[in-house]
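# Fold and contact review
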Amino acid sequence: MFQKKFFWLIFIFLFTGCSLPSVKNLHLNMDVSEAPEVHGANTYQLSNTSLKRLTGKLNYNLEDEREFENGSKDIVYEVGILDFTFKYDYIKKGKDYLFAGAGVGYKDGLFYHFSLGGNTSHFEIGGFLGLYHHFTQLDYKGEYCTEFFLFFPTECEPFSKEDYDITTSLFAGAFASFYLEKFFINYSVSVYDPTVTLKIPNGDYSLSLPSISSHYLALGYRLNKKIEFTSGAIFNYINSPAASWYIGFTSGINFYL
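Residues numbered from 1 in each chain as written. Predicted model: local features only at pLDDT ≥ 70, side-chain atom pairs only at ≥ 80, totals over all residues. Heavy atoms only, no water.

This part takes up the side chain of Ser211. Within the secondary structure, Ser211 is located in the loop between β12 (203–208) and β13 (212–222). With residues up to four places along the chain from it excluded, the contact list for Ser211 reads Val191, Tyr192, Asp193, Pro194, Tyr237, Ile238 and Asn239. (Helix = DSSP H or I, 4+ residues; strand = E, 2+ residues; numbered from the N terminus. Contact = heavy atoms within 4.5 Å.)

In structure tokens form, the structure reads like this:
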């Protein structure tokens, strides 16, 4: 009995073979954004106090898109020329120099984060961790292939689609600020990995993509206790096999409640 079953298993393997599905010749255009910016109080914050801040910013990129290859996949990041950031921050400082913060904002989608750091008389430093729900438009095409072993040829089925998606990515980073009287300079680096789910003939296909690192360098001036202005540059890095940078500018206003 065992020999008979073994014989039939070998027969099925030889004449039907095993199949391995794959996606080939994928070309993907998708909207992406800079990683969200996070920073501290921009000034010395008294111990055992809290601050509430509203931020509005205009961001401008010198380029509209970046194309690169990710393995056998041709990817185009549509970075966009112009976008806006709106954000609310809450920062609480303890009895010494340590502080904790939280924020929620909108930048081509909703994001929120938590931060920890230290705030001294002229300098602050910290780190943050959050989630970014990015709204993106997708335009993709390719072939869904089933590769058979042994006697059967590879079968491929073309697909193409325009779609919209809301992706969720973890983002993290660090910041540092130096301030003197009403002037300050701050630096922040923020990183996230865009992820998308494509609709292909046999179902959903999840695709991990190269990370985007955004480096914000800004100068600021505090007009009074309620209002401050900032302006600076954004240096974005795409961590692809052909690593590339693209540059933008940012300018905004902060209101302290």
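Moving on from the coordinates now.
Moving on: the packing of aromatic side chains. In the structure shown here, the tally under the stated rule is 11 aromatic pairs. When the ring of Phe128 is compared with that of Phe171, the centres are 6.1 Å apart and the planes differ by 50 degrees; the resulting orientation is tilted. Remark: Phe171 occurs in strand β9 (residues 155–180) and Phe128 occurs in strand β8 (residues 123–148); sequence separation between them is 43 residues. The pair Phe128 / Phe171 is uniform in exposure class, with both members buried. Judged by centre distance (5.0 Å) and plane angle (55 degrees), the ring pair of Phe183 and Tyr221 falls under tilted. Here Phe183 is found in strand β10 (residues 183–192), whereas its partner Tyr221 is found in strand β13, with 38 residues between them in sequence. (Phe/Tyr/Trp six-rings, centres within 6.5 Å; stacked < 30°, edge-to-face > 60°. Buried < 20%, exposed > 50% of the residue type's maximum accessible area, 1.4 Å probe, protein only.)

It is worth spelling out the layout of surface pockets at this point. When its volume is computed, the largest pocket comes out at roughly 260 Å³. Together, Ala41, Thr43, Tyr44, Gln45, Leu46, Thr49, Ser50, Leu51, Arg222, Lys225 and Tyr256 line the largest pocket. Grouping the constituent residues of the lining of the largest pocket by class yields 5 nonpolar, 4 polar and 2 charged. (1 Å grid on protein atoms, 1.4 Å probe; cavity = no way out; pocket = protein on both sides within 12 Å on 5 of 7 lines; lining within 4 Å. Points joined across faces, edges and corners; volume = space filled by probe spheres on them. Nonpolar A, V, L, I, M, F, W, Y, C, P; charged D, E, K, R; others polar.)

Evaluated as defined, the whole model comprises 7 salt bridges. The shortest N-O distance in the salt bridge between Glu34 and Lys107 comes to 2.7 Å. In this pair, Glu34 is assigned in the loop between β1 (19–31) and β2 (50–61) and Lys107 in the loop between β6 (98–106) and β7 (109–119), connecting sequence segments 73 residues apart. Taking relative accessible area as the criterion, Glu34 reaches 1% and is therefore assigned buried. Taking relative accessible area as the criterion, Lys107 reaches 1% and is therefore assigned buried. Across the pair Asp83 and Lys107 runs a salt bridge, and its minimum N-O distance is 2.9 Å. Note that Asp83 is positioned in strand β5 (residues 82–93) and Lys107 in the loop between β6 and β7, a separation of 24 residues in sequence. Here Asp83 and Lys107 have matching classes, each one buried. (Salt bridge = Lys/Arg side-chain N within 4 Å of Asp/Glu carboxyl O.)

Under the counting rule described, the total for this entry stands at 1 disulfide. A sulfur-sulfur distance of 2.1 Å marks the disulfide that ties Cys145 to Cys156. Residues Cys145 and Cys156 are joined by a disulfide whose S-S torsion is about 110 degrees; by sign, that bridge is right-handed. Placement of Cys145 in strand β8 and of Cys156 in strand β9 is noted, with a sequence separation of 11 residues between them. When its relative accessible area of 39% is taken as the criterion, Cys156 is described as partly exposed. (Disulfide = S-S within 2.5 Å.)

Below, the discussion takes up the nonpolar core. If you look at the biggest cluster of nonpolar residues, it comprises 34 residues, and the most contacted ones within it are Leu28, Met30, Tyr77, Val196, Leu198 and Leu209. Looking at this core element by element, the count peaks at 5 residues for β8. Here Met30 is in contact with Val76, Tyr77, Glu78, Thr136, Gln137, Leu138, Pro194, Val196 and Leu209, once residues within four sequence places are set aside. (Core = buried A, V, L, I, M, F, W, Y, C linked by side-chain atoms within 4.5 Å.)

On the surface, Asp64, Glu65, Glu67 and Glu69 cluster together to form a negatively charged patch. Among the structural elements, Glu69 can be located in strand β3 (residues 65–70). Using a relative accessible area of 55% as the deciding quantity, one classes Glu69 as exposed. (Patch = residues over 30% accessible without salt bridge, like charges linked within 9 Å, V, L, I, M, F, W, Y side chains within 5 Å. Areas by Shrake-Rupley, 256 points an atom, 1.4 Å probe, with all protein chains shown as cover. Lys, Arg positive; Asp, Glu negative; His and termini not counted. Charge placed at Lys NZ, Arg CZ, Asp CG, Glu CD.)

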